[in-house]
Each structure stands twice: as C-alpha cells, then as structure tokens.
Amino acid sequence: MTNTPGALETDFPAADDLFLQALGLVDASVEQSFDNHTTLVSRVLKTPVALVSIVQCNLDRQYFKSHVGLSGQVAEARQTPLSHSFCQHVRNSDAVLEVGDARTHAVLQHNGAVKDLGIIAYLGAPIHLPDGTAIGALCAIDHKPRNWTADDQKSLQQIALCVNEQIALKAALIDANSAQEDAQSAARSREEFLAHMAHEIRTPLNGIIGSVDLLTSEIDGTDCSRDVKQLLNAVDSSTQGLLRTLNDSLDLSKIDAGELALEMAPFNLRAAVADVIALHRSSAECKGVTLECTATDTAPNDLRLGDEYRLRQVLGNLLSNAVKFTDHGTIHLHLDADSSGCRATVTDTGAGMSEQQLAQVFAPYKQADDSVARRKGGTGLGLAIVKKLLTLMGGEISVTSTPDKGTTFSAWAPFAPTDLRPDDAGLHGLMDKSFAGARVLVADDSQVNQMVLARMLESLGAEVVTVSDGKSALDTAQNGTFDMLFIDIRMPEMNGDDVARALRELERQQQLTKLPELIAVTANVFQYHVDSYLEAGFDKCLPKPIRRTDLLALRAS
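Residues numbered from 1 in each chain as written. Predicted model: local features only at pLDDT ≥ 70, side-chain atom pairs only at ≥ 80, totals over all residues. Heavy atoms only, no water.

Focus on the packing of aromatic side chains
- One pass over the full model with this rule turns up three aromatic pairs.
- On the basis of an interplanar angle of 65° and a centroid distance of 5.2 Å, the ring pair of Phe86 and Tyr122 is categorised as edge-to-face. A residue pair is termed long-range when its members are at least 10 positions apart, and Phe86 in the loop between β4 (79–80) and α4 (87–93) and Tyr122 in strand β6 (residues 121–128) qualify at 36 residues.
- Here Phe86 falls in the buried class, since its relative accessible area comes to 2%.
- In this structure Tyr122 comes out as buried when scored by relative accessible area, which is 1%.
- Ring plane angle 70° and centroid distance 6.2 Å describe the contact between Phe362 and Phe409, whose orientation is recorded as edge-to-face. One end of the pair, Phe362, is in the loop between α10 (355–359) and α11 (372–376); the other, Phe409, is in strand β14 (residues 406–413), with 47 residues separating them in the sequence.
- A relative accessible area of 2% means that Phe409 is categorised as buried.
- Here the basic side chain of Arg439 rests over the ring of Phe482, its NZ or CZ set 4.4 Å away from the ring centre.
- One cation-aromatic arrangement involves Arg555 over Phe435; the distance from NZ or CZ to the ring centre is 5.0 Å. (Phe/Tyr/Trp six-rings, centres within 6.5 Å; stacked < 30°, edge-to-face > 60°. Helix = DSSP H or I, 4+ residues; strand = E, 2+ residues; numbered from the N terminus. Buried < 20%, exposed > 50% of the residue type's maximum accessible area, 1.4 Å probe, protein only. Lys NZ or Arg CZ within 6 Å of the ring centre and 35° of its normal.)

Regarding the nonpolar core
- Ranked by size, the top nonpolar core spans 38 residues in total, and within it Leu269, Leu318, Leu319, Ile331, Leu333 and Leu390 carry the most contacts.
- Counting only elements with at least two residues in this core, the list comes to α8 (269–286), α9 (308–325), β11 (330–337), β12 (342–348), α12 (382–393) and β14.
- Here this core takes seven residues from α9, the largest share from any one element.
- Apart from the residues lying within four places of it in its own chain, the contact partners of Leu319 are Val276, Ile277, His280, Leu291, Ile331, Leu333 and Val346. (Core = buried A, V, L, I, M, F, W, Y, C linked by side-chain atoms within 4.5 Å. Contact = heavy atoms within 4.5 Å.)

Examining the pairing of strand β20 (residues 540–543)
- Of the two faces of β20, the one holding Lys540 and Leu542 is buried and the one holding Cys541 and Pro543 is not buried anywhere.
- The pairing of strand β19 (residues 517–522) with β20 spans four bridges and is parallel. Within β20, the residue paired with Ile519 across the bridge is Lys540.
- Once you follow β19 into helix α16 (residues 527–536) and on to β20, the crossover reads as right-handed. (Pairing = 2+ DSSP bridges. Right-handed = clockwise from strand over helix to strand, strands pointing away.)

Points about the sheet that holds β11
- Strand order in this open sheet of five strands is β9-β11-β12-β14-β13, and the pairing throughout is mixed. Bordering the open sheet on either side are β9 (290–296) and β13 (396–402), each of which pairs with just one other strand. Ignoring strand direction, the axes of neighbouring strands in this sheet form an average angle of 10°.
- As paired elements, β9 and β11 share seven bridges and run parallel to each other. Following the sheet pairing, Ala295 is matched in β11 by Leu335.
- Those strands touched by α8 are β9, β11 and β12, and its axis lies near 165° from that of β9. (Axes fitted to C-alpha atoms, helices over the stretch in contact; angles between N-to-C directions.)

Description of the packing of α8 against α9
- Between α8 and α9, the least distance of the axes is 10 Å, while the angle of their chain directions is 30°. Taken together, the axes of α8 and α9 are roughly parallel relative to one another. Handedness of the crossing formed by α8 with α9: right-handed. From α8, Leu269, Ala271, Ala272, Val273, Asp275, Val276, Ile277, His280, Ser283 and Ala284 reach across to α9, where they touch Glu308, Leu311, Arg312, Leu315, Gly316, Leu319, Ser320 and Val323.
- Class assignment of the residues belonging to the contact of α8 with α9 gives a composition of eleven nonpolar, four polar and three charged. (Parallel < 35°, antiparallel > 145°, perpendicular 65-115°, else oblique. Left-handed = near helix turned anticlockwise from the far one by under 90°. Nonpolar A, V, L, I, M, F, W, Y, C, P; charged D, E, K, R; others polar.)

Concerning the confidence of the model for the protein chain
- Residues with a pLDDT of 70 or more make up 85% of the protein chain, whose mean pLDDT is 85.
- The spread of mean pLDDT over the elements of the protein chain runs between α11, the lowest at 43, and β6, the highest at 97.
- Overall, residues 6–14 carries pLDDT values under 50, and its contacts beyond four positions in sequence, including any with other chains, amount to twelve contacts.
- Under a pLDDT of 50 for its full length, residues 424–430 has, in the predicted model, five contacts with residues more than four places off or in other chains. (pLDDT = per-residue confidence, 0-100.)

Considerations on helix α14 (residues 470–479)
- All buried positions along α14 are accounted for by Gly470, Ala473, Leu474 and Ala477. Along the axis of α14, the buried residues cluster in a sector spanning 95°; they form a single face.
- Buried residues in α14 make contact with β16 (439–443), β17 (463–467), β18 (484–488) and α15 (496–508).
- Its side-chain oxygen at 3.1 Å from the backbone nitrogen of Lys471, Asp469 defines the N-terminal cap of α14. (Arc of directions from axis to C-beta. Polar contact = N/O pair within 3.5 Å; in protein donor to acceptor, adjacent residues only side chain to side chain.)

Here's the deal with the environment of Leu554
- Position of Leu554 relative to the elements: it lies in helix α17 (residues 548–556).
- For Leu554, a relative accessible area of 8% corresponds to the buried category.
- Each C-alpha atom of the pair Leu554 and Leu542 lies 7.7 Å from the other, and the pair is twelve residues apart in sequence.
- Residues contacting Leu554, with those up to four places away along its chain left out, are Met484, Phe486, Ile519 and Lys540.

Here's the deal with the sheet that holds strand β15 (residues 416–417)
- Spatially, three strands are ordered β8-β10-β15 in an open sheet, and the strand pairing comes out antiparallel. If you trace the sheet from one side to the other, it starts and ends with β8 (265–268) and β15, each paired once.
- Examined bridge by bridge, β8 and strand β10 (residues 303–306) share four bridges and lie antiparallel to one another. Residue pairing for β10: Ala265 is matched across the bridge by Gly306.
- Packing of α8 onto the sheet brings it into contact with β8 and β10, and relative to β8 it is tilted by some 60°.

A short note on empty space enclosed by the protein
- Tallied over the entire structure, the rule returns two cavities of 30 Å³ or more.
- A volume near 90 Å³ is recorded for the largest cavity.
- Taken together, 13 residues form the lining of the largest cavity, with Leu311, Cys342, Ala344, Ala411 and Ala413 sitting closest to its centre.
- Only α9, β12 and β14 provide two or more residues apiece to the lining of the largest cavity.
- Its residues assigned to classes, the lining of the largest cavity comprises twelve nonpolar, no polar and one charged. (1 Å grid on protein atoms, 1.4 Å probe; cavity = no way out; pocket = protein on both sides within 12 Å on 5 of 7 lines; lining within 4 Å. Points joined across faces, edges and corners; volume = space filled by probe spheres on them.)

Some points on the pattern of salt bridges
- Summed over all chains, the structure comprises 20 salt bridges.
- Taking the shortest distance from any N to any O, the salt bridge between Arg103 and Asp101 comes out at 3.0 Å.
- Ionic pairing is found between Lys540 and Glu517, a salt bridge with its closest N-O pair at 3.0 Å. Here Glu517 lies in strand β19 and Lys540 lies in strand β20, a separation of 23 residues in the sequence.
- The partly exposed category is assigned to Glu517, whose relative accessible area is 23%.
- Via salt bridges that share partners, Asp142, Lys144, Arg146 and Asp152 belong to a single interconnected network. (Salt bridge = Lys/Arg side-chain N within 4 Å of Asp/Glu carboxyl O.)

Shown next as structure tokens:
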C-alpha cells in the first residue's frame, strides 16, 4: 500500500523511548549492520541518500540510526526536528510513502526538508519493533524528481524487512541477557539459601554426631547393654541419613556450578562396599527385607584408585532407594571388578517402575508420583546425584524395571587397580596420642558444639581452653601460648574471619612471636566460603559436623 499523507497524525502510539535506547536505536553509536542496509538501498535504488530514521514525536525529532549521503550539521547531529521529516508520515500511517516531487506535493511542499535539505523525491517503507509497532522508516531520497517503480517499492520493502529482523535480533539479545541475569540471580539466591540451610542444619548436627561419636568411643569394649549400643547406632544412622540428604542438595548445586572436584586416592574396594551394606542392613531388616552382597574378581584387599567417598555416596543412594521401595523380598548388590573398573548391580523385588517413570528417574526433584514423597519420604535428589556423579567420574548407569516385580540399577565407574597404599593406614591407632601435649583454644558461641569439640580434643590428648565469642578468642589467643586455635566462623562480637585477620595483622606487626595454627570451624562448605576463610588468614578449614577421625586427618595433614 502506498500512502498519500494528509494532515500530520499525532495520536499514533509512541514506542517507549527508554526501550528504543535499550535497543541502541537512538542516541547510540553507529552499527555496521544497519549501515549495510542503507548502503544497499542507495546502491539498489541508485539514490544519493538513504536513511534508517527513528521517529520520536514526544521529542519532536527523527533520529538517524544509519545514513548514507548526509553531510554537514545534519550528518553530525544525526537528527532533524519533525518539521524536516517525511519519515513521520510513514511511521504514522504504517504504510509506504512514495513522493515523486515534493515541491508540488499538497502536504509536503511546505516541509522544511524540501528547502533546507534538498529532498525532492522520497520513497519510504515503515520499520517495526518485534511486536509490530511502527517506529520510523527506511527511506531512499533523491535531489531531483523521480518516478518510483513497482520494483523500487518491492526492493525497499524487502530491505525494510531485513531492518525489522535486525531490530528483532537486538530485542532478542536483550531478552536473552535479561533471562541470563534472572537465571544467575536465581542461582545466586539458591546458592545463598543452600549455604544458609547447610549452616543452620550442620550446626545442630555437629552436636548430635559429635556426641554420638564420643559416647560410642566411651562404651566401646565395656559391658554396656546391647540396647544402649543399638540406640546409639540408630541415632548415628538417622543423623547420617539427614546429613546425606543435606549433602545431596549441596552436591547437586556444586556439580551444576562445575565446582565439585573428585579425589584420586587408593581405597579398599570391598571394605568400602561392606561399610555401605552395613549402614543400610538395619533399615532393610526393619522392613523384613533381606539385604545381601556378592562379589566376583575382587580380592579382600583389592585396592582401587578413585574417590571412595563418592563411590560410597553412589552405592548409598542406590541402596537407600532400593530399601525405600522394597517392602518384601530381597535386595541384592553384586560387585564385579576388573582392570578397567568396577560395576555394581543393585537388584530389588520392590514396586518397580513404568516406562513413563523410567524416563524421568534421574531427573532432580522427580518421584514416581505425587504420593511417593508422602508415603515413602525422600527429596527426589538421590538418583539425580548418582547420575551426575558417575558422569563426572567418567562412568555410566543404566536401569531396567517392571512394575510390581522390581528394579535393577547397573553402575560402572573407572576405578582402576593400584599399588599405592592409603595415606590413612593406621590412623585409628593414633587415637590416644595424636594431640598429646598440644594446647588448644576452642572458640564457639554454641555451648553444645564448644563442649563436644573440647571433649573430642581432650580424648585425643589435648589441653583445651574454651571461649564463647570472637573478642574473647582474640584476647585469649594473645595472652596465652597455644599450638592450635579452633575458631568458629559465626560468633558475636567478632566473627571468625575478623579474628583471623586481626591475628595476622598482629603477626605482621611482630606483636605475636609465634602465631598458632588457625583452624576455621564452619558449617559453610561451599568452595568460595573455604577460599574466603583461607584468604582471611586461616591455615585450614574443618567442616561441621565433626568426628574424631576428622581431627586426626586434620592433625596428620
């Protein structure tokens, strides 16, 4: 459609100026992509001037996003008032405007562009935002009269469509960047929530797990009743289950962020599997389910190279899942190892899964149906963690299942045989003497955690002094001779970071002759947390919850 302009229309909806600026269409630098379009118009239509003009009625101007053939002040300013604009009529009518000789045109002969800019012949096609709003024109201009042909109109409209696509691309990039920022903000919020949740859960868990660890060591080898030992085992198993759920949430976040690193160390394959079986046997027996394990091609002292903790995590999640969904019959774990790696196959006689359920079995937060979480418990994270961990290891997992008959998971990981020996061999033999003669300061505002850590250290031979806030920790550290300072990160008066920085500053000023080893005791376990503590001046980090074996490993490192 060709437009013949009448009176200037001013009620046409204006595009938001801030959005036009965000797109870089006004008050912005020159872009080669738009210049390519105006150059093409000038060449194809053989005109001395071509423009991409953005009309802003509320600012009484047309802004040239791109131009060919303009000179002088207009070219430098890249704009004219609407008194010198033909493009406003294209934008207002949203139609092609064809003018052969503006000097005789009923409406345009009085336009300032005719006299001041020498515009005689004009052909303009509307350009649009992605939602279809007309915002200006792509136009060809001649300084002499011209009869525009149908081919001229068609060519200009086709190039105008290319300009529209260029604008749509810029809008899509803005949307993509906004979506990326929203995603990053959501990821930061999730990470902050997980970090806070981890701290709030790990702090009381530290008191429970530490107390159980101490009580177990106290009654070990005594005539304490079997019921007491079973109750302690039950408490320990329950807290470990809660800790496993927490760790699954954190590990999933770490893997997604590319922050989870695998350890490569020698470990006893059969011992690791036996420990995992023992951890889940009582849960199975409580349901009347038999949990059994067989192994082929693995010697009792077979040592493998890899991340033992992550192997235990994979097997633990598979067995926990099997116990959860098996109400009668048998759960069988078969271990098969060769020179290339290890395969663990977990088969149960449980509820089984349909093809639809199998399709999303490794998706996070997914369970068989909405009633599963209510009836069976769980978060839907276990199998997602298994899949991601095995992928990270370079392994694989497959699953087959039949409803009401059972499920089989088969997991393989490249744990190769090794002649290396575990670094912690004989570690437990050091229990009674590892901290002998050491004078230690424990700073923690939680009386329970302070007491548990102090008792653990004392049981290992240390002399322990305790304080309940950061300021007291700093004062006591300066006034006493200590070998190690165990400083909780979150404390009143001064947090652990501030205490470490203050001690390092005193060391720099030579006000402390010998600075003790600084240990950050924390429930914040993300790597960026650990890095910040080391940067503040700590030598090592000890994550909560703490067992005596963790203290031994810390002492040995």
